[in-house]
Every structure is written in structure tokens, then in C-alpha cells.
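Notes for the structure review
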Amino acid sequence: MRSARWLRRATGYRGDMAGMRADSGRFAPSTTGAAHPGTLLAALLSWLDARSRGGAILLRLEDLDRTRCTPAHARSMREDLAWFGLDWDAVVEQHACAPAH
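This text gives an overview of the structure that appears in the document. (Residues numbered from 1 in each chain as written. Predicted model: local features only at pLDDT ≥ 70, side-chain atom pairs only at ≥ 80, totals over all residues. Heavy atoms only, no water.)

Looking at the pairing of strand E3 (residues 90–93)
Remember that side chains alternate between the two faces of the sheet whenever the strand is regular. To be explicit about the condition: Classification of residues uses two cut-offs on accessible area relative to the type maximum, computed with a 1.4 Å probe and protein chains only: under 20% is buried, over 50% is exposed, and between them is partly exposed. Counting from the N terminus, the helices are DSSP H or I runs at least four residues long and the strands are E runs at least two residues long. Strands qualify as paired when DSSP identifies two bridges or more between them.
Going residue by residue along E3, you find Ala-90 and Val-92 tucked away on one face and Val-91 and Glu-93 left uncovered on the opposite face. With 4 bridges joining them, strand E2 (residues 57–61) and E3 adopt parallel strand pairing. What sits directly across from Leu-59, in E3, is Val-91.

Here's the deal with helix H3 (residues 71–83)
Convention followed: What a helix should span is 1.5 Å times the count of its residues minus one. Here the arc refers to the set of directions running from the helix axis out to each C-beta atom. Whether two residues are in contact is decided by their heavy atoms: any pair within 4.5 Å suffices.
When the terminal C-alpha atoms of H3 are compared, their 18 Å separation across 13 residues agrees well with the 18 Å that a helix rising 1.5 Å per residue should span. Turning to H3, its buried residues number three or more, namely Ala-74, Met-77 and Leu-81. Looking straight down H3, one finds its buried side chains confined to an arc of 60 degrees; they lie on one side. Facing away from the buried side of H3 by more than 90 degrees, the exposed set consists of Pro-71 and Trp-83. At its buried positions, H3 is contacted by strand E1 (25–27), helix H2 (37–52) and E2. Downstream of H3 by a residue or two, Gly-85 has a phi angle that is positive, lying close to 90 degrees.

Topic: the packing of aromatic side chains
The line we're drawing: Aromatic pairs are defined between Phe, Tyr and Trp rings, using the six-membered ring for Trp, whenever the two ring centres lie within 6.5 Å; interplanar angles under 30 degrees are classed as stacked, those over 60 as edge-to-face, and all others as tilted.
The final tally for this structure, using the stated rule, is 2 aromatic pairs. Judged by centre distance (6.4 Å) and plane angle (20 degrees), the rings of Phe-27 and Trp-88 are stacked. Here Phe-27 is found in strand E1, whereas its partner Trp-88 is found in the loop between H3 and E3, with 61 residues between them in sequence. Judged by relative accessible area, which is 8%, Phe-27 ranks as buried. A relative accessible area of 17% means that Trp-88 is categorised as buried. Taking the centre distance of 5.8 Å and the plane angle of 65 degrees together, the rings of Trp-83 and Phe-84 count as edge-to-face.

Description of a nonpolar patch on the surface
We apply this condition: Nonpolar side chains (Val, Leu, Ile, Met, Phe, Trp, Tyr) within 5 Å and like charges within 9 Å form the patches, drawn only from residues with over 30% relative accessible area and no salt bridge. To be clear on the numbers: accessible area is Shrake-Rupley with a 1.4 Å probe, and residue cover counts the displayed protein chains and nothing else. Put simply, a salt bridge is a Lys or Arg side-chain nitrogen that is within 4 Å of an Asp or Glu carboxyl oxygen.
On the surface, Leu-41, Leu-45 and Leu-48 cluster together into a nonpolar patch covering about 280 Å² of accessible area. One can find Leu-45 in helix H2.

Observations concerning H2
Across its 16 residues, H2 extends 22 Å between first and last C-alpha, which sits within 8% of the 22 Å expected from 1.5 Å per residue. All buried positions along H2 are accounted for by Thr-39, Leu-40, Ala-43, Trp-47 and Ala-50. Looking straight down H2, one finds its buried side chains confined to an arc of 105 degrees; they lie on one side. Facing away from the buried side of H2 by more than 90 degrees, the exposed set consists of Pro-37, Leu-45 and Ser-52. Against the buried residues of H2 lie E1, E2 and H3. Following H2 by one or two positions, Gly-54 adopts a phi angle in the positive range, close to 75 degrees.

Just distances and angles here, no functional claims.
Structure follows, in C-alpha cells:
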């Protein structure tokens, strides 16, 4: 995973999509359970869109519901997406961005 400085420089990401470069993208699944076909399709389309424009792609794990979101679900999501061959320029856990909001 790359540094926060690299992430801001490459994508404009500062905790929300407002400042991101137009050629960059993000996929933000909830980590409350296993990935399902709709999750994988949305990830693939987001990844293809950003990569086709030469942009960076961010995986932002939506883990704000600390009762239902677990590290095991987050790990499983990353593994499932990697199995599909999707790579990410950065991975952000949304709870870590809470102080910025």
C-alpha cells in the first residue's frame, strides 16, 4: 500500500471524492460480509473505467459500522478482488478518515 502523500498527489483524494482528479476512480464496498456477484461487477467496472483513462484507482473499505464490519470481512473482500486480478493504487479504511470529516 502506498503512502497518504502519494495518494493525494496521484488522485487528489483527501477523504472524499470532491478533490479527486477526473481520471481517477474509487470502489467503496461495505465490509459487512462476503463479496457477491454485484459487488464484483461494480468493482470490475470501476477498475476498468479508471484504468482505461490512465487514472489511479482507490479501494476504500466502508467499515464505519464497527459492529457488523470486521477485519476478517475486509481481508476477505481484498482477497476476492485480488483473485479477480484487480489491483489498487491505494487501500483506505474509511474509519481512518473519520477525523477528517
